[in-house]
Amino acid sequence: MADKVTTSKTLKLVAKFEDNDTRTLDLDNPKDNLTAAQIKAFETVAKTTQAIIGDKGGANFYKFTDAKTIEKETTVLDLR
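Bear in mind that the values here come from a model prediction, so they are computed numbers and not experimental data.

Right, let's talk about the environment of Leu25 for a bit. Positionally, Leu25 belongs in strand E2 (residues 22–28). Counting along the chain gives 15 residues from Leu25 to Thr10, while the straight-line C-alpha distance between them is 9.8 Å. In contact with Leu25, not counting residues within four places along its chain, are Leu11, Lys12, Leu13, Ala15, Ile52 and Phe64.

What follows is the structure, given as structure tokens:
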């Protein structure tokens, strides 16, 4: 058996709430070529529907302060 290489991608969004608390959301396998405009559109929907709720007294979602995609390559070494 040979070494096995896998790749994965994660979208990390930092959400800010009305009480100034922040939370990081990690979303696996985001679509390719995601744009800032698409993140802003998601921000609008999340804010309007309050789909994201803070943990300190249920504070309302305010905005995303950071968004990035992280691509990772993992190699599992064959030790046989």
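Okay, the side chain of Asp21 next. By secondary structure assignment, the location of Asp21 is in the loop between strand E1 (4–17) and E2. Judged by relative accessible area, which is 11%, Asp21 ranks as buried. Separated by 3.2 Å, the side chains of Asp21 and Arg23 make a polar contact. If we ignore the near neighbours within four places in the chain, the residues touching Asp21 are Ala15, Lys16, Asp55 and Lys56.

To continue, consider the nonpolar core. Counting residues in hydrophobic clusters, the biggest one holds 10 residues: Leu11, Leu13, Ala15, Phe17, Ile39, Ala46, Ile52, Ala59, Phe61 and Phe64. Contributing elements (two or more residues each) for this core: E1, helix H1 (36–49) and strand E3 (61–76). With four residues, E1 is the single largest residue contributor to this core. With near-sequence residues (within four places) excluded, Phe17 lies in contact with Thr22, Arg23, Ile52, Ile53, Gly54, Ala59, Asn60, Phe61 and Tyr62.

This brings us to the side chain of Glu43. Position of Glu43 among the secondary structure elements: in helix H1. Looking at Glu43, the relative accessible area reads 9%, which means it is buried. Contacts of Glu43, omitting those with residues within four sequence positions, involve Phe61, Lys63 and Phe64.

Now for the packing of aromatic side chains. In this structure the tally under the stated criterion is three aromatic pairs. Between Phe17 and Phe61 the ring centres are 6.2 Å apart and the planes differ by 75°, which places this aromatic pair in the edge-to-face class. Here the residue Phe17 occupies a position in strand E1, and Phe61 occupies one in strand E3, the gap between them amounting to 44 residues. Given a relative accessible area of 1%, Phe17 falls into the buried group.

A few words on unusual backbone geometry. Even without being glycine, Asn20 reaches a positive phi, approximately 70°. With respect to the helices and strands, the residue Asn20 is situated in the loop between E1 and E2. For Asn20, a relative accessible area of 56% puts it in the exposed group. For Gln50, which is not a glycine, the phi torsion comes out positive at approximately 50°. Examined against the element boundaries, Gln50 turns out to sit in the loop between H1 and E3.

Scoring rules and cut-offs
- Residues numbered from 1 in each chain as written.
- Predicted model: local features only at pLDDT ≥ 70, side-chain atom pairs only at ≥ 80, totals over all residues.
- Heavy atoms only, no water.
- Helix = DSSP H or I, 4+ residues; strand = E, 2+ residues; numbered from the N terminus.
- Contact = heavy atoms within 4.5 Å.
- Buried < 20%, exposed > 50% of the residue type's maximum accessible area, 1.4 Å probe, protein only.
- Polar contact = N/O pair within 3.5 Å; in protein donor to acceptor, adjacent residues only side chain to side chain.
- Core = buried A, V, L, I, M, F, W, Y, C linked by side-chain atoms within 4.5 Å.
- Phe/Tyr/Trp six-rings, centres within 6.5 Å; stacked < 30°, edge-to-face > 60°.

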